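Here's the letter readout for the chains.
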Amino acid sequence: GERLSVSDESVLLAVLKLAMNNKSFTYKTTFNEILSTMGTTAGKNTYAAVLSSLSRLTGTKITLTIKSKDGKKTGLVNTILSGAKFDKYNLRISINEYFGQMYLEGFVTSLNLDFRAKLKGDTAKAMYRFYEGQPANYEIHMFKLCGAINLDSSQPKFKIRQLINKGLKELVLHQYFEYGK
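Residues numbered from 1 in each chain as written. Predicted model: local features only at pLDDT ≥ 70, side-chain atom pairs only at ≥ 80, totals over all residues. Heavy atoms only, no water.

## Re the pattern of salt bridges
Here is step 1 of the chain: Summed over the entire model, instances satisfying the criterion amount to four salt bridges.
Here is step 2 of the chain: Put simply, Glu9 and Arg116 hold a salt bridge, and the shortest N to O gap is 2.8 Å. With Glu9 in helix H1 (residues 6–22) and Arg116 in helix H5 (residues 113–118), the pair connects residues that are 107 residues apart, well separated along the chain.
Here is step 3 of the chain: With a relative accessible area of 2%, Arg116 lands in the buried category.
Here is step 4 of the chain: Ionic pairing is found between Asp114 and Lys17, a salt bridge with its closest N-O pair at 3.6 Å. In this pair, Asp114 is assigned in helix H5 and Lys17 in helix H1, connecting sequence segments 97 residues apart.
Here is step 5 of the chain: For Lys17, a relative accessible area of 29% corresponds to the partly exposed category.
Here is step 6 of the chain: Three or more residues are tied together by salt bridges with common partners; here these are Glu9, Arg116 and Arg129. (Salt bridge = Lys/Arg side-chain N within 4 Å of Asp/Glu carboxyl O. Helix = DSSP H or I, 4+ residues; strand = E, 2+ residues; numbered from the N terminus. Buried < 20%, exposed > 50% of the residue type's maximum accessible area, 1.4 Å probe, protein only.)

Put into structure tokens, the structure is as follows:
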């Protein structure tokens, strides 16, 4: 399927948070509720962006392989959303029950959506998602990080370093990382 953007990820996190609030994988909501959960203001373009993201999330499949202690592997291939029905203002969203269950069981990294909404840069948001799933003091090569956060590694090295440093500075500013550590 199509690679998801940081904005698609924001919509997904809002959809998951609203599902938790509604205690159901299928629920009714509005564009405004999704946008406010994302920490974004409503507007004509934002409605279209949410709708576009929901379309991609409905068509995106995930593959999960779980290795048990005895070495046996089991797998799951499924979509993230089962569907999204909408009219001018309202939505009915259905999260795929298998994906929803994986989220509840912690197979999908849970993020602090309020903290993430404070981050403005896409690189900072992607780095926050990545580092939330890693152990403390995790180190990674710049090009591996690019792959993990979907940053175009064909750019000149100075541009990659510039984008990563900008993301790191924003995470330090919001006290996710400490400067110099």
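## Regarding the nonpolar core
One recurring pattern in soluble globular proteins is that nonpolar side chains are buried together.
Here is step 1 of the chain: In terms of nonpolar packing, the biggest core is built from 23 residues, with Val15, Ile34, Leu54, Leu81, Ile93 and Ile95 touching the most fellow members.
Here is step 2 of the chain: Only H1, helix H2 (31–38), helix H3 (44–59), strand S5 (90–95) and helix H4 (97–104) provide two or more residues apiece to this core.
Here is step 3 of the chain: Among the elements that make up this core, the one with the highest residue count is H1 (seven residues).
Here is step 4 of the chain: Aside from chain neighbours lying at most four places away, what touches Leu81 is Val15, Leu54, Leu57, Thr58, Ile93, Ser94, Ile95 and Asn96.
Here is step 5 of the chain: Counting residues in each nonpolar core, the second largest holds 20 residues, with Leu113, Leu119, Ala124 and Leu151 among its members. (Core = buried A, V, L, I, M, F, W, Y, C linked by side-chain atoms within 4.5 Å. Contact = heavy atoms within 4.5 Å.)

## As for helix H8 (residues 157–173)
Here is step 1 of the chain: In this model, H8 (17 residues) spans 24 Å end to end at C-alpha, consistent with the 24 Å of a helix rising 1.5 Å per residue.
Here is step 2 of the chain: Turning to H8, its buried residues are Ile160, Ile164, Gly167, Glu170 and Leu171. On an axial view of H8, the arc spanned by its buried residues comes to 120°, and they lie on one face. Of the residues in H8, the exposed ones pointing more than 90 degrees away from the buried face are Phe158, Lys166, Lys169 and Leu173.
Here is step 3 of the chain: Elements in contact with the buried residues of H8: H5, helix H6 (122–132) and helix H7 (142–148).
Here is step 4 of the chain: Trailing H8 by a residue or two, Gln175 shows a phi angle of about 60°, which is positive. (Expected span 1.5 Å × (residues − 1). Arc of directions from axis to C-beta.)

## Regarding the side chain of Thr29
Here is step 1 of the chain: Looking at where Thr29 falls in the secondary structure, it is placed in strand S1 (residues 26–30).
Here is step 2 of the chain: There is a polar contact of 2.5 Å between the side chain of Thr29 and the side chain of Glu33.
Here is step 3 of the chain: Those residues in contact with Thr29 that lie beyond four places of it in its chain are Leu18, Ile34, Tyr89, Asn90, Leu91 and Ile93. (Polar contact = N/O pair within 3.5 Å; in protein donor to acceptor, adjacent residues only side chain to side chain.)

## Digging into the pairing of S1
Here is step 1 of the chain: The alternating pattern of S1 places Tyr27 and Thr29 on a buried face and Thr26, Lys28 and Thr30 on a face that is not buried.
Here is step 2 of the chain: Judged from the five bridges that link them, S1 and S5 form a sheet pairing that is antiparallel. In the strand pairing of S5, Thr30 is matched with Asn90. (Pairing = 2+ DSSP bridges.)

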